[in-house]
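Coordinate analysis (summary)
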Amino acid sequence: TARHVGTVVHRELQQVARHGSAYHTADTPPRRRWRLELAELGVPEPLRTAAVERVAEAVARTLADQRGRWLLDPAHRESRSELALTGRADGEIVRVVVDRSFVDEAGNRWIVDYKTSRHEGAGLEEFLDREQERYRPQLERYARLLRRLGPEPVRLGLYFPLLSAWREWPAG
């Protein structure tokens, strides 16, 4: 169920990034559509209400968060969501899908991965540090592919919609 919630959250954030925050208002989230999408993905009926609420929370928190709105701003140069790339990395042909990429006003190319993980209790900073180390190789691989798109310095980021949390670092 958690994986399917993540899929629906990614789809919704892609639409907001494409159409702007006017596409979605926190007052009237499309819960019925999310429920149908979760059903199609195989979420059992008894779990769907809670899953829909997690999607709604992730989207609402992202839209209420300054960083979340910045990440989804469709006005960024070379703004892309769910960007599929195929190329050579580490001596092999790879196919990846980048959650979000754009060039910001300072000329940095951003590669952002959304993580719909939950974290309960204390130790949020430690959790975020562990997640950054866990996903660093994945984002560094994305950077090796996206560097071919232009000369901009590349920065990597993890955004946690359910936590309104962020980690960033320069690509190696």
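Keep in mind that this is a model prediction, so the values were computed, not measured.

**Concerning the nonpolar core**
If you look at the biggest cluster of nonpolar residues, it comprises 25 residues, and the most contacted ones within it are Trp34, Leu38, Val55, Leu72 and Val112. For this core, the secondary-structure elements that each account for two or more residues are helix H1 (2-19), helix H2 (31-41), helix H3 (45-64), helix H4 (66-72) and strand S3 (109-114). Here this core takes seven residues from H3, the largest share from any one element. Among the nonpolar cores identified, the runner-up in size contains 23 residues, and Val94, Val96, Ile111 and Ala165 belong to it.

**Some remarks on the pairing of S3**
Among the six residues in S3, six count as buried, and that is most of the element. Of the two faces of S3, the one lined by Arg109, Ile111 and Asp113 and the one lined by Trp110, Val112 and Tyr114 are each fully buried. As paired strands, strand S2 (residues 92-103) and S3 are joined by four bridges and run antiparallel to one another. By the bridge assignment, Phe102 is partnered in S3 with Trp110. Linkage of S2 to S3, two consecutive antiparallel strands, is achieved through a turn of five residues, within which Gly107 is found at a positive phi near 90°. With six bridges connecting them, S3 and strand S4 (residues 154-160) associate as parallel partners. Paired with Asp113 across the strands is Leu158, a residue of S4.

**So, the packing of H1 against H3**
For the pair H1 and H3, the least separation of the axes is 9 Å and the interaxial angle reads 35°. Here H1 and H3 pass one another in a crossing that is right-handed. Contacts from Ala2, Val5, Val8, Val9, Glu12, Leu13 and Val16 in H1 reach Ala51, Arg54, Val55, Ala58, Val59, Thr62 and Leu63 in H3. Its residues placed into classes, the contact of H1 with H3 shows 11 nonpolar, one polar and two charged.

**A word on the pattern of salt bridges**
Overall, the coordinates contain 19 salt bridges when judged by the stated rule. Note that Glu37 is salt-bridged to Arg33, the shortest N-O span being 3.1 Å. Here the residue Glu37 and the residue Arg33 both occupy positions in helix H2, the gap between them amounting to four residues, near one helical turn. We classify Glu37 as buried; its relative accessible area is 12%. Measuring nitrogen to oxygen at the nearest pair gives 3.4 Å for the salt bridge that ties Arg134 to Glu131. One end of the pair is Arg134 and the other is Glu131, both in helix H5 (residues 124-146) and three residues apart, which spans about a single turn. Exposure remark for Arg134: the relative accessible area of 55% places this residue in the exposed category. Each member of the salt-bridge network shares a partner with another, and the members are Arg11, Glu12, Arg33 and Glu37.

**Focus on H5**
Of all the bends in H5, the greatest reaches close to 45° and is centred on Arg136; the proline Pro137 follows between one and four positions later. Residues Phe127, Leu128, Glu131, Gln132, Tyr135, Leu139, Glu140, Tyr142, Ala143, Leu145 and Leu146 constitute the buried set of H5. Considering only its buried residues, H5 is in contact with strand S1 (77-89), S2, S3, S4 and strand S5 (165-170).

**Focus: the environment of Phe160**
Within the element layout of this structure, Phe160 appears in strand S4. Here Phe160 is in contact with Lys115, Phe127, Leu128, Glu131 and Ala165, once residues within four sequence places are set aside.

**Examining H1**
When the terminal C-alpha atoms of H1 are compared, their 26 Å separation across 18 residues agrees well with the 26 Å that a helix rising 1.5 Å per residue should span. Among the residues of H1, those classed as buried are His4, Val5, Gly6, Val8, Val9, His10, Glu12, Leu13, Gln14, Gln15, Val16 and Ala17. On its buried face, H1 sits against H2, H3, H4, S1, S2 and S3. Looking at the residues trailing H1, positive phi occurs at Gly20, about 90°.

What counts, and where the lines are drawn
Residues numbered from 1 in each chain as written. Predicted model: local features only at pLDDT ≥ 70, side-chain atom pairs only at ≥ 80, totals over all residues. Heavy atoms only, no water. Core = buried A, V, L, I, M, F, W, Y, C linked by side-chain atoms within 4.5 Å. Buried < 20%, exposed > 50% of the residue type's maximum accessible area, 1.4 Å probe, protein only. Helix = DSSP H or I, 4+ residues; strand = E, 2+ residues; numbered from the N terminus. Pairing = 2+ DSSP bridges. Axes fitted to C-alpha atoms, helices over the stretch in contact; angles between N-to-C directions. Left-handed = near helix turned anticlockwise from the far one by under 90°. Contact = heavy atoms within 4.5 Å. Nonpolar A, V, L, I, M, F, W, Y, C, P; charged D, E, K, R; others polar. Salt bridge = Lys/Arg side-chain N within 4 Å of Asp/Glu carboxyl O. Bend = angle between axes of the 7 residues up to and from the residue. Expected span 1.5 Å × (residues − 1).

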